[in-house]
Amino acid sequence: GQSLEQPSEVTAVEGAIVQINCTYQTSGFYGLSWYQQHDGGAPTFLSYNALDGLEETGRFSSFLSRSDSYGYLLLQELQMKDSASYFCAVRDIGNTGKLIFGQGTTLQVKP
Amino acid sequence: KAGVTQTPRYLIKTRGQQVTLSCSPISGHRSVSWYQQTPGQGLQFLFEYFSETQRNKGNFPGRFSGRQFSNSRSEMNVSTLELGDSALYLCASSFPGQGYNEQFFGPGTRLTVL
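Residues numbered from 1 in each chain as written. Chains lettered and ligands numbered in written order. Predicted model: local features only at pLDDT ≥ 70, side-chain atom pairs only at ≥ 80, totals over all residues. Heavy atoms only, no water.

Draft legend 1. Up close: the pairing of strand β6 (residues 53-57) of chain A. Residue and element names in this part refer to chain A. Of the pairings in the sheet, the one linking β6 to strand β7 (residues 60-65) comprises five bridges and is antiparallel in character. Looking across to β7, one finds that L54 is bridged to F63. Between β6 and β7, which pair antiparallel in sequence order, lie two residues; one of them, G58, sits at a positive phi of approximately 65 degrees. (Pairing = 2+ DSSP bridges. Helix = DSSP H or I, 4+ residues; strand = E, 2+ residues; numbered from the N terminus.)

Now the structure itself:
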């Protein structure tokens, strides 16, 4: 089977940097992606790591280490609007549309 | 481009009834996946349709079924509703191709079973 572990909650202050970790157990996958979901909203795609290393997209960066079965999402210069749930997900090998999600991390940004 | 749309947005049913939810993907997207989201279980994959064929199925009972039409619109059906089926049902569309296929999610249908 496949499973992804994330912390359930993280709190940080505006302007700070926060890292949300994701560890996984999977027999194989196409890469690690991250989605953001605001309360009452739809999940929206943030980033994807196909290969080991760091991917940067503006204030958000994502990292993957396949040898460590580990990844993280780094959010810099936190803003109040970043308060949301963040999900890591892997795309199942051979099943293009199937994503397996972690339980999600609720980020609360305080002033 | 218009985003993924889902109807209805909210639904209240009683145990034993059945329900049909609809999803219209982004124009040009041929893959539609369905997910169930609950506070306890998170986002769980239900099934994926591509070109009117079910390509993959999650670990849900046979009461959960779906289909896809030639215009890529998809429906999912839940029969004999149980209290535990109360959840947010999300559909996501993607354009299968090379590399990662970003999933575009709709706003979801909030189903409450009484």
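Draft legend 2. The state of the cysteines, seen in detail. By the definition in use, this model includes two disulfides over all chains. The disulfide that involves A:C22 links it to A:C88, with 2.1 Å between the sulfurs. Judged by the sign of its S-S torsion, about 75 degrees, the cystine formed by A:C22 and A:C88 is right-handed. Of this pair, A:C22 sits in strand β3 (residues 18-25) while A:C88 sits in strand β9 (residues 84-92); the two residues are 66 residues apart in sequence, bridging distant segments of the chain. Judged by relative accessible area, which is 0%, A:C22 ranks as buried. Look at A:C88 and you get buried, because its relative accessible area is 0%. Across the disulfide from B:C23 sits B:C91; the S-S distance is 1.9 Å. The sign of the 70 degrees torsion about the S-S bond sets the B:C23-B:C91 disulfide as right-handed. Of the two residues, B:C23 sits in strand β3 (residues 19-24) while B:C91 sits in strand β9 (residues 87-94), which places them 68 residues apart along the sequence. Each member of the pair, B:C23 as well as B:C91, carries the same accessibility label: buried. (Disulfide = S-S within 2.5 Å. Buried < 20%, exposed > 50% of the residue type's maximum accessible area, 1.4 Å probe, protein only.)

Draft legend 3. Expanded view of unusual backbone geometry. Residue and element names in this part refer to chain B. Backbone torsion omega between T7 and P8 reads -15 degrees, so that peptide bond is classified as cis. In this fold, P8 is placed in the loop between β1 (5-7) and β2 (10-13). With phi around 80 degrees, S72 is a residue other than glycine that occupies positive phi space. By secondary structure assignment, the location of S72 is in the loop between β7 (64-68) and β8 (74-78).

Draft legend 4. Quick look at the sheet that holds β3(B). All names here are of chain B. Across the sheet, which stays open at both edges, the four strands sit in the order β1-β3-β8-β7 with antiparallel pairing between neighbours. In the strand order of this sheet, the two ends are held by β1 and β7, each with one partner. The average undirected angle you get between the axes of adjacent strands in this sheet is 20 degrees. As paired elements, β7 and β8 share five bridges and run antiparallel to each other. Bridge pairing in β8 links G66 to M76. (Axes fitted to C-alpha atoms, helices over the stretch in contact; angles between N-to-C directions.)

The values are spatial; any link to function lies outside them.
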